[in-house]
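Residues per chain, in single letters:
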Amino acid sequence: YFIQEGRIDEAEQFCQASYETAPNYYPTVNGIGMISFSRGDFPKAEAEFSRAISLVPGNVGTYSNLALAQMMQGRPADAEATLATASGIGDAEFSPTNFVPALRNLAAIYAAQANYQKAVENLNRLLFLAPDDLEARTELAFALLKLGRYDEAKVQCESVIVADADNAQAHNIYGLVLVG
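Here is what the cut-offs are and how they apply
Numbering of residues starts from 1 in each chain and follows the order in which that chain's sequence is written. In view of the model being predicted, local features appear only for residues whose pLDDT reaches at least 70, and side-chain atom pairs are presented and counted only at 80 or more, with totals across whole chains, interfaces and linings using the full set of residues. Only hydrogens and water are removed before side-chain values are computed, so all heavy atoms of the structure are retained for them. Elements are defined by DSSP. Helices are runs of H or I of four residues or more, strands are runs of E of two residues or more, and each kind is numbered from the N terminus. Throughout, exposure labels follow a simple rule: accessible area from a 1.4 Å probe, protein chains only, divided by the maximum for the residue type, with under 20% read as buried, over 50% as exposed, and the rest as partly exposed. By definition in these notes, contact holds between two residues if any of their heavy atoms fall within 4.5 Å. Methods summary: accessible areas were calculated by the Shrake-Rupley approach with a probe of 1.4 Å, and residue burial reflects only the protein chains presented. pLDDT runs from 0 to 100 and stands for how confident the predictor is about each residue. Nonpolar cores are built from buried Ala, Val, Leu, Ile, Met, Phe, Trp, Tyr and Cys residues. Side-chain atoms within 4.5 Å join them into one set. A residue counts as positive if it is Lys or Arg and as negative if it is Asp or Glu; His and the chain ends are not included. The working definition used for a salt bridge is a side-chain nitrogen of Lys or Arg within 4 Å of a carboxyl oxygen of Asp or Glu. We call two N or O atoms a polar contact when they sit within 3.5 Å, provided that within protein one can donate a hydrogen and the other can accept it, with sequence-adjacent residues counted only if both atoms are side-chain atoms. By this rule the span expected of a helix is its residue count minus one, scaled by 1.5 Å.

Got a minute to help me understand the overall build of the protein in this structure?
Looking only at helices and strands, the protein has 10 helices and zero strands in total. The order of α-helices and β-strands along the protein, N terminus first, is α-α-α-α-α-α-α-α-α-α. Of all 180 residues assigned to the protein, the portion counted as buried reaches 41%. Restricting the contact set of the protein to residue pairs at least 6 apart, pairs at least 24 apart contribute 47%. For the protein, the accessible surface area stands at approximately 9300 Å², while carbon and sulfur atoms represent 55% of it.

Help me understand the environment of E80 in this model?
With respect to the secondary-structure elements, E80 resides in helix α5 (residues 76–87). A relative accessible area of 18% places E80 in the buried class. Separated by 26 residues in sequence, E80 and L106 place their C-alpha atoms 8.0 Å apart. Excluding anything up to four places from it in sequence, E80 contacts L106, Y110, K118, N122 and R125.

Could you clarify how one ought to interpret the confidence of the model for the protein in this entry?
A low pLDDT means the predicted coordinates there should not be read in detail. Across the protein, pLDDT averages 86, with 84% of residues at or above 70. Element-level pLDDT for the protein is lowest in helix α1 (residues 8–21), with a mean of 70, against a maximum mean of 97 in helix α8 (residues 134–146).

Teacher, can you tell me more about unusual backbone geometry here?
The residue A114 is not glycine, and still its phi comes out positive at about 60 degrees. Along the polypeptide, A114 turns up in the loop between α6 (96–112) and α7 (116–129).

Could you clarify how one ought to interpret the nonpolar core in this entry?
Within soluble globular proteins, side chains that are nonpolar generally end up buried alongside one another. By size, the foremost hydrophobic cluster in this structure holds 38 residues, and its most contacted members are F99 and L126. At eight residues, the largest contribution of residues to this core is made by α6. In this view, L126 contacts V100, L103, R104, D133 and A136; residues no more than four positions away in its chain are not counted.

In this structure, what is going on with the side chain of R137? I would like to understand it.
Along the chain, R137 turns up in helix α8. Buried and without a salt bridge, R137 has D132 as its closest oppositely charged side chain, separated by 6.1 Å. Within polar-contact distance, the side chain of R137 engages the side chain of Q156 at 2.8 Å. Those residues in contact with R137 that lie beyond four places of it in its chain are L127, P131, Q156, S159 and V160.

Looking at this structure, how should I read the environment of L147?
Counting through the fold element by element, L147 comes out in the loop between α8 and α9 (150–163). Its relative accessible area of 34% is what places L147 among the partly exposed residues. In sequence terms L147 and N115 are 32 residues apart; their C-alpha atoms lie 9.4 Å from each other. With residues up to four places along the chain from it excluded, the contact list for L147 reads Y116, Q117 and V120.

Would you mind going over the side chain of S36 with me for this structure?
Here S36 is to be found in helix α2 (residues 26–38). Owing to a relative accessible area of 5%, S36 belongs among the buried residues under this scheme. Apart from the residues within four sequence positions on either side, S36 is in contact with D41, K44 and A45.

Teacher, can you tell me more about α9 here?
Count 3.6 residues to each turn of an α-helix, and residues three or four apart come out pointing the same way. Taking 1.5 Å per residue as the helical rise, α9 with its 14 residues ought to reach 20 Å, and the 20 Å between its terminal C-alpha atoms agrees with that figure. Buried residues in α9 make contact with α7, α8 and α10 (168–179).

Explain the pattern of salt bridges to me, please; I cannot follow it from the model alone.
Note that side chains of opposite charge can pair when their charged atoms are close. As enumerated under the stated definition, the model contains nine salt bridges in all. Between K118 and E121 there is a salt bridge, with the nearest N and O atoms lying 3.7 Å from each other. Taken together, the residues K118 and E121, both in helix α7 and three residues apart, mark about one turn of the helix. Looking at E121, the relative accessible area reads 29%, which means it is partly exposed.

This is the structure in structure tokens:
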């Protein structure tokens, strides 16, 4: 709760108190990872998320968090391997809705690093799981535009505009595609 509200100091106090009494309690370990990530301490976040996974191996969200921590440390190959592991989790907690945010995060980080080919690959994976995700289609159109794949970008923009005629971002990208 505290983390979602942006009250990081209170979240840290709560987690530290909980950690002293129950050091292997998954929500506490994962919470410390989230706090560390929000503060930019990615090595500590990675360690805590890894520990949380050892406590509850089937939580796809924790794998997603671990992958983000790995990406922020400049290790995209490790992040992809982590997400590949998460995609193979066969327990009841796995569903496309759990994995979609992980792929979105990974694609966003690749795009921020101007690795648009990897962003495209991960957005296509995301759209395989959630074909009606207009935000992902718009992000895919932009990445395709950056790669000079105008025809593919145009198709994605048109798909978004048909579904949401007021999508300003899709219209903007579409205009850039037409200028090419």
